Amino acid sequence: MSQKNILKGVFLVGLGATSYGMLATFVKMSYAEGFTTAEVTTSQFILGILGVLLINAFQKAKHKKNVVKATTKNIFNLMLAGTSLGTTSLFYYLAVKYIPVSIGIVLLMQTVWMGVLLEMILEKKLPSIQKIIAVFIVLIGTVLATNILNNNIALDWRGIGWGILAAASFTTTMFTANRVAVKISSAQRSLYMLLGGAVIVFSFALATQNAPFNFSIFLKWGIVLSLFGTIIPPMLMNAGFPLTGIGLGSIVSALELPVSVMMAFVLLNEKVIFLQWIGILLIVLAIIIMNVNFRKTIDLKKNHTLR
């Protein structure tokens, strides 16, 4: 793969991760205006689906016969995988309702060790020393980033619980997204996963929305939320990951963490102390450690020395 393609992939994944990083701050701002979780997620998914439908229509018109159509089995599997996309959004948005965004994103990043655990269960083998070290660094970073050792900080345990559930759900999304119907276009995959997620989101809205639905959410925040949550990031990441590979792509996608904290710091005036920034850097470091092939790097250096 050429260096130009790798750089293009890094740019696409980085832009997608940055978009995701902005999302929670916008959700928190919509809460401040009195909108509910049901209204926020419903508007995001409806407008997101419409946006991705337009993208699919454009691709079909442009490429005509070159577009690989999804089979009935592909559609079913993608919609099933997409249900975890819906639960991730719900759990994460419920989390930031009770805790600061800077804490919520740290909890979402627990996917690092959850992914290792899930991989161990599915593949029935112990993780490498490299991954075990990365997990310990994540746990230490989490303690620092959440500032949980500070007795003056009282975190709402509802937010902690929803945040952990969001991380577990996101772990499932990552595992299924990279394994289901990978031969069809990223726009089609995004569409069917969104439809699966919408089933969960709409069911939640019907069950919890007691007051009349405030349709002004569609114009006030729906467009922004759908762009930064359901249209731009999946499209960019699905296009970028094949160019970067999972390892480099995962490292670049860690940009979501500092961007999310910075957005909350600037727009929401959330207090983030120096110790929390150290914790955030440790989590990013753990992601890098987990995805860098040190043995390959050492072998390349040896070969270069021999020459």
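Another point: the overall build of the protein chain. Regarding its fold elements, the protein chain presents 12 helices and 0 strands. When the helices and strands of the protein chain are listed from N to C terminus, the series reads α-α-α-α-α-α-α-α-α-α-α-α. By residue count, 47% of the 307 residues in the protein chain fall in the buried class. Element-wise, carbon and sulfur atoms account for 70% of the exposed surface of the protein chain, whose accessible area totals about 16100 Å².

With that out of the way, let us pick up the pattern of salt bridges. Throughout the structure, instances matching the rule amount to 1 salt bridge. Its salt-bridge partner being Arg 158, residue Asp 156 comes within 2.8 Å of it at the nearest N-O pair.

Of all hydrophobic cores here, the largest spans 48 residues; its most connected members are Val 40, Tyr 92, Ile 105 and Leu 257. If you tally residues by element for this core, the top one is helix α1 (residues 3-32), at 8 residues. Those residues within four positions of Tyr 92 in sequence are excluded, and the remaining contacts are Ala 24, Gly 104, Ile 105, Leu 108, Ala 166 and Ser 260. Formed by 18 residues, the second largest nonpolar core is a distinct cluster that contains Phe 45, Ile 49, Leu 78 and Leu 85.

Time to look at the packing of helix α4 (residues 101-108) against helix α10 (residues 256-267). As a packed pair, α4 and α10 sit with axes 8 Å apart at the nearest point and diverge in direction by 165°. It follows that α4 is roughly antiparallel to α10 by the angle criterion. As α4 packs across α10, the resulting crossing turns out to be right-handed. In contact with Val 101, Ser 102, Ile 105, Val 106 and Leu 108 of α4, α10 contributes Glu 256, Leu 257, Ser 260, Val 261 and Ala 264. Looking at the contact of α4 with α10, its residues break down into 7 nonpolar, 2 polar and 1 charged.

Time to look at helix α6 (residues 129-145). Under the 1.5 Å per step criterion, the end-to-end length of α6 is 24 Å for 17 residues, consistent within 8% with the ideal 24 Å. A positive phi of about 55° marks Asn 147, the residue just after α6.

This brings us to the packing of aromatic side chains. Inspection of the entire model under this criterion finds 7 aromatic pairs. Ring geometry for Phe 26 against Trp 221: centres 6.3 Å apart, planes inclined by 35°, an arrangement best described as tilted. Residue Phe 26 is found in helix α1, and its partner Trp 221 is found in helix α9 (residues 217-253); the two are separated by 195 residues along the sequence. Per residue, the accessibility class of Phe 26 equals that of Trp 221, and both read buried. Where Phe 215 meets Phe 218, the ring centres are 6.2 Å apart and the plane angle is 15°; that geometry is what we call stacked. Of the aromatic side chains, those joined through ring pairs into one cluster are Phe 26, Trp 221 and Phe 228. The ring centre of Tyr 31 lies 5.9 Å from the NZ or CZ of Lys 97, which sits over that ring.

The next point concerns unusual backbone geometry. The phi dihedral of Asn 269 is positive, around 55°, even though this residue is not glycine. Within the secondary structure layout, Asn 269 lies in the loop between α10 and α11 (274-291).

A separate point is the environment of Ala 264. Within the fold, Ala 264 resides in helix α10. When the C-alpha positions of Ala 264 and Lys 28 are compared, they lie 9.0 Å apart, and in sequence the two are 236 residues distant. Once residues within four sequence positions are removed from consideration, Ala 264 is found in contact with Thr 25, Val 101, Ser 102, Asn 269 and Glu 270.

Scoring rules and cut-offs
Residues numbered from 1 in each chain as written. Predicted model: local features only at pLDDT ≥ 70, side-chain atom pairs only at ≥ 80, totals over all residues. Heavy atoms only, no water. Helix = DSSP H or I, 4+ residues; strand = E, 2+ residues; numbered from the N terminus. Buried < 20%, exposed > 50% of the residue type's maximum accessible area, 1.4 Å probe, protein only. Areas by Shrake-Rupley, 256 points an atom, 1.4 Å probe, with all protein chains shown as cover. Salt bridge = Lys/Arg side-chain N within 4 Å of Asp/Glu carboxyl O. Core = buried A, V, L, I, M, F, W, Y, C linked by side-chain atoms within 4.5 Å. Contact = heavy atoms within 4.5 Å. Axes fitted to C-alpha atoms, helices over the stretch in contact; angles between N-to-C directions. Parallel < 35°, antiparallel > 145°, perpendicular 65-115°, else oblique. Left-handed = near helix turned anticlockwise from the far one by under 90°. Nonpolar A, V, L, I, M, F, W, Y, C, P; charged D, E, K, R; others polar. Expected span 1.5 Å × (residues − 1). Phe/Tyr/Trp six-rings, centres within 6.5 Å; stacked < 30°, edge-to-face > 60°. Lys NZ or Arg CZ within 6 Å of the ring centre and 35° of its normal.

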